[in-house]
Amino acid sequence: MIQHSLGFPIETVLMFIVLALAAIIIDLYAHHNDKPISLTSAVMWSFFWIFVALGFVLYLYIHHGSEIASLFITGYVLEKALSVDNLFVIMALFSWFAIPNNYRHRLLYWGVIGAIIFRAVFVIIGTGLLSLGPWMELVFSVVVALTGLMMLKNQGHNDDIKDYSEHFAYRIAKRIFPSYPKIVGHHFLLTQKQLNNELAKPENSELINKMPKSALYATPLFLCIVVIELSDVMFAFDSVPAVIAVSQEPLIVYSAMIFAILGLRTMYFVLEAMQQYLVHLGKAVICLLFFIAAKLALNATDHLFGYGIIISPTISLYVVLGILLLGIIASVIWPNQTKKKDMRR
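From a predicted model like this one, the values you see are computed outputs, not experimental measurements.

What the protein contains, in helices and strands, is 13 helices and 2 strands. Relative to the compact-globule value of 20 Å for 345 residues, the protein shows a C-alpha radius of gyration of 22 Å, a close match. Overall size of the protein, expressed as C-alpha extent along the three principal axes, is 75 × 55 × 40 Å. Counting across all 345 residues of the protein, residues that qualify as buried make up 46%. Residue pairs in contact within the protein that sit at least 24 positions apart in sequence constitute 83% of those at least 6 positions apart. Roughly 17600 Å² of accessible area belongs to the protein as shown, and the carbon and sulfur atoms make up 68% of that amount. Looking at the protein, you have 23 positive and 21 negative side-chain charges, and the mean spots of the two groups are 10 Å apart.

Have a look at this one:
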């Protein structure tokens, strides 16, 4: 077999690309309109994306063995878990920008495309840095631990209303394009002709003579997706080091992250419906980050000082799944009492 520079046969690389592209095409065909995605549909599509990932796991198991398959599953589950916090941020953005339900999956699609590109850049940089030596593993360990501490500090502040008009990406976008305050179909940008057609409508008469001359105008959809993309870049700084801690093979890291990310669009709608019941999942994610930080530190000190303490891929998988399961069980046993009271009113 011809070996690829990523450390795997070219057949494995092609299998990943073909499987991912085929799933994306099917997803785009099924969600090409602006109809809201129901919870039932979101659940079914979430299972579809899980089965796609499991298909690649099976291929890895048959052709590369159980250890490689375990590394992929651990990275996949970890990225899914870490993405929960990112999805909560997106929920807050959709609420602040007043994005209708039927347009949310379109914004999530472009968010996923951006995430695919950003992850590729960060995985290349991250794996390249780790190749410099064990000391970089200690640096990554600190980064992951600091992320866990930041999330721990922000626990209990998820319900605070944030003013995204002060967000850096929002202010930059408004400097480049004058903004039109109303959503116009699924348009991200409006031409001067389209703006004139909107201003001609009676309900928009108060905006006449208030819009400056420009070739293009940003709608709330555009402003929202710009903030989502920059937020995801910041999120990648946290998630990529954590997944790289599982494996330093670029293909394993990137494929695990991509298959997890591709299912986020439908996972968003499931999480939106279930967020009031998964109140302790965030704490489980924080525990995961501290575990990954410890795994990186132990691996680095073993290389530097020869302690011989290395957490195997199989043990890592069991720990990741176990912590997430405990978070779900804790949410069932100790639900959020405040939200329960609010529901009874």
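Another aspect to go through is the side chain of Lys-295. For Lys-295, the location among the structural elements is in helix H11 (residues 281-305). The buried charged residue Lys-295 lacks any salt bridge partner; its closest oppositely charged side chain belongs to Glu-137, at an N-O distance of 8.2 Å. Not counting residues up to four positions away in its chain, the partners in contact with Lys-295 are Ala-245, Val-246, Ile-311 and Ser-316.

Time to look at the confidence of the model for the protein. Summing up the model confidence of the protein, the mean pLDDT is 82 and the portion of residues at 70 or higher is 91%. Confidence over residues 1-5 falls short of pLDDT 50; this stretch has 10 contacts with residues more than four positions distant or in other chains. Contacts for the low-pLDDT stretch residues 338-345, under 50 throughout, to residues beyond four places or in other chains number 4 contacts.

Among the nonpolar cores identified, the biggest contains 96 residues, and Phe-72, Phe-94, Phe-97 and Phe-259 are the most heavily contacted of them. Looking at this core, the element that brings in the most residues is helix H3 (residues 66-96), giving 15 residues. With sequence-adjacent residues up to four places away left out, Phe-72 is seen in contact with Ala-53, Phe-56, Val-57, Leu-60, Ile-252, Ser-255, Ala-256 and Phe-259. If you look at the next biggest cluster of nonpolar residues, it comprises 8 residues, including Val-184, Leu-195, Leu-207 and Met-211.

Below, the discussion takes up the layout of surface pockets. Considered as a void within the structure, the second largest pocket measures approximately 770 Å³ in volume. Taken together, 24 residues make up the lining of the second largest pocket; nearest its centre are Ser-46, Ile-50, Lys-80, Met-267 and Ile-328. The set of elements that each furnish at least two residues to the lining of the second largest pocket consists of helix H2 (39-64), H3, helix H10 (264-274) and helix H12 (313-333). Split by residue class, the lining of the second largest pocket holds 22 nonpolar, 1 polar and 1 charged.

Attention shifts here to a nonpolar patch on the surface. Judged by side-chain polarity, Leu-325, Leu-326, Ile-328, Ile-329, Val-332, Ile-333 and Trp-334 come together as a nonpolar surface patch covering roughly 730 Å² of accessible area. As for its placement among the helices and strands, Ile-329 is situated in helix H12. Taking the relative accessible area as the measure of exposure, Ile-329 reaches 38% and is therefore partly exposed.

Our focus in this paragraph is helix H5 (residues 134-153). End to end, H5 covers 29 Å across 20 residues, agreeing with the expected 28 Å (1.5 Å per residue, within 8%). The complete set of buried residues in H5 reads Met-136, Glu-137, Phe-140, Ser-141, Val-144, Thr-147, Gly-148 and Met-151. Each buried residue of H5 lies within a common arc of 150 degrees when the element is viewed along its axis, so the set occupies one face. Summarising the geometry of H5, the exposed residues directed more than 90 degrees from the buried face are Trp-135, Met-150 and Lys-153. Residues of H5 that are buried sit in contact with H3, helix H4 (101-130), helix H8 (220-244) and H11.

One pass over the full model with this rule turns up 2 cavities of 30 Å³ or more. Size it by volume and the largest cavity reaches roughly 100 Å³. The set of elements that each furnish at least two residues to the lining of the largest cavity consists of H3, H4 and H8. Looking at which element gives the most residues to the lining of the largest cavity, the answer is H4, with 4 residues. By residue class, the composition of the lining of the largest cavity is 7 nonpolar, 2 polar and 1 charged. Broken down by secondary-structure element, the contributors of at least two residues to the lining of the second largest cavity are helix H1 (10-30) and H4. Each residue belonging to the lining of the second largest cavity can be placed in one class, and the counts come to 7 nonpolar, no polar and 2 charged.

Basis of the calculations
- Residues numbered from 1 in each chain as written.
- Predicted model: local features only at pLDDT ≥ 70, side-chain atom pairs only at ≥ 80, totals over all residues.
- Heavy atoms only, no water.
- Helix = DSSP H or I, 4+ residues; strand = E, 2+ residues; numbered from the N terminus.
- Rg over C-alpha atoms; globule rule 2.2 N^0.38 Å.
- Buried < 20%, exposed > 50% of the residue type's maximum accessible area, 1.4 Å probe, protein only.
- Contact = heavy atoms within 4.5 Å.
- Areas by Shrake-Rupley, 256 points an atom, 1.4 Å probe, with all protein chains shown as cover.
- Lys, Arg positive; Asp, Glu negative; His and termini not counted.
- Charge placed at Lys NZ, Arg CZ, Asp CG, Glu CD.
- Salt bridge = Lys/Arg side-chain N within 4 Å of Asp/Glu carboxyl O.
- pLDDT = per-residue confidence, 0-100.
- Core = buried A, V, L, I, M, F, W, Y, C linked by side-chain atoms within 4.5 Å.
- 1 Å grid on protein atoms, 1.4 Å probe; cavity = no way out; pocket = protein on both sides within 12 Å on 5 of 7 lines; lining within 4 Å.
- Points joined across faces, edges and corners; volume = space filled by probe spheres on them.
- Nonpolar A, V, L, I, M, F, W, Y, C, P; charged D, E, K, R; others polar.
- Patch = residues over 30% accessible without salt bridge, like charges linked within 9 Å, V, L, I, M, F, W, Y side chains within 5 Å.
- Expected span 1.5 Å × (residues − 1).
- Arc of directions from axis to C-beta.

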